[in-house]
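Structural overview
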Amino acid sequence: MNERIWLSSPHMGELEKQYVLEAFDTNWISPVGPHIPAFEKDLENYLGEGVHVAALQSGTAALHLALLLLNVQQGDEVLCQSFTFAASANPVVYAGATPVFIDSERETWNMDPQLLELAITDRLHKGIKPKAIIVVHLYGMPAQLNPIMEVARRYDIPVIEDAAEALGSEYHGKKAGTFGDLSVLSFNGNKIITTSGGGALVSKNGDWVERSRFLATQARDDAPHYEHSVIGYNYRLSNVCAGIGRGQVAVLPQRVEQRRKVFDYYRQQLADVQEIRFLEEPGREYYSNRWLTTVLFPDFKKREQIRQHLALFNIESRPLWKPMHLQPVFKGCLYYGNGISDDLFDRGLCLPSGSNLTLEQLGRVIFKLKA
Ligand SMILES: *Cc1c(COP(=O)(O)O)cnc(C)c1O
């Protein structure tokens, strides 16, 4: 049996071990320590645009805090992209609010700005003003941010940018994660860079980011004893994980380049296969980190045949995200649809896309796909 080819596995650089050892040598084995502000500074420098960053235990935690900072609470509605991973929508429920799902457009597979406006006007008509919008850059492809932000501004609704899959992607030359009123990153093990598990909250509003650090460390008031006036959370990243993160940010530009090369290689090698369609960047203003290379087949049956054939040879592939409006747990939630995410889910597949894949491994995947 050939060794397993993974969809997206961790890829360490040279510095991570050194930073982790430093944490051990100085005994900063806690959610306090010098790697944490240093990692935050590294991310701020990488993203630019004057953003502030708080390092947290997960992207999910960052989304939860983003909603709390926007004062989302019991009875509120939050407009959320339907075509995404459940972690985009679950925090809406943690906050006691209800998600309202919006379908995607064909160009980027992300939130359709026209459907978004339709949903807003319809909810306003019913006397409900949505409290926030969660837009996702799925698989690293930036959403149509200009029209989405324009609609959000026009109706005065804050935007949370779920950039968990899009660190290193750009839209009109600016990094994903710098557009939302609040933005979220993830450093889970399968993402483009990892801290083994981790995430970050990003915003140009420094007060919000400072407040998120406070909420993430049990909301301790300024007193010698433990004094609390609001509910807190234990969401801060550990100094050990932040050490891994510092090493990973150092190789992030290379990781983006490597993932984009994986995409280019697939596309070039499979150019003559009529049944395979790639998700292209819709224009020069879009720059995807190509976190995962995704393809569409003519129909569900073909997609499943291919997925099972790859699995037979120990090659991991995965159907595209199952839209939230089709998930049992969100049954009964409002949904503004156009059938696009249903179709993508039926026909789409994620291919092995790690930055550490060898040419030999990619060759094996391509050979089996062609077969
Ligand atoms: C990974 C991911 C998250 C959650 O990040 P975690 O760090 O795993 O909690 C949120 N949204 C999307 C789109 C993701 O892919």
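Note that this is a predicted model, so its numbers are computed, not measured. Counting restarts for each chain, with residues numbered from 1 along the sequence as it is written. With pLDDT at 70 or above as the cut-off, local features in this predicted model cover only qualifying residues; side-chain atom pairs require 80 or more to be listed or tallied, and sums for whole chains, interfaces and linings still use all residues. Side-chain measures here rest on the full set of heavy atoms in the structure, leaving out hydrogens and waters.

**Quick word on helix 10 (residues 300–312)**
An α-helix turns once per 3.6 residues; consequently, residues spaced three or four apart project the same way. Cut-off, in case you're wondering: Strands here mean DSSP runs of E at least two residues long; helices mean DSSP runs of H or I at least four residues long; both are numbered from the N terminus. Expected helix span is computed as 1.5 Å times (number of residues minus one). Note on exposure labels: buried denotes an accessible area under 20% of the residue type's maximum, exposed denotes more than 50%, and partly exposed covers the range between, all computed with a 1.4 Å probe on protein chains only. What the arc measures is the spread of directions leading from the helix axis to the C-beta atoms. In the analysis that follows, any N or O atom pair within 3.5 Å is treated as a polar contact, provided that within protein one partner can donate a hydrogen and the other can accept it, and provided that, for residues neighboring in sequence, both atoms belong to side chains.
In this model helix 10 runs 18 Å from its N-terminal to its C-terminal C-alpha over 13 residues, within 8% of the 18 Å that 1.5 Å per residue would give. Every buried residue of helix 10 is accounted for by Arg303, Glu304, Ile306 and Leu310. Taken end-on, helix 10 shows its buried residues confined to a sector of 165 degrees, consistent with a single buried face. The exposed set on the far side of helix 10, more than 90 degrees from its buried face, consists of Lys301 and Leu312. For helix 10, the N-terminal capping position is held by aspartate 299, with its side-chain oxygen 3.3 Å away from the main-chain nitrogen of lysine 301. Asparagine 314 sits one or two residues past helix 10 and shows a positive phi near 65 degrees.

**Overview of the sheet that holds strand 11 (residues 286–287)**
Counted only if it meets this: Strand pairing requires that DSSP identify at least two bridges connecting the strands.
Read across the open sheet, the 3 strands follow the order 7-6-11; overall the sheet is antiparallel. Single-partner strands in this sheet number two, and they are strand 7 (174–175) and strand 11. Relative to strand 7, strand 6 (residues 170–171) runs antiparallel, the two being bridged by 2 bridges. For glutamate 170, the partnering residue across the bridge sits in strand 7 and is lysine 175.

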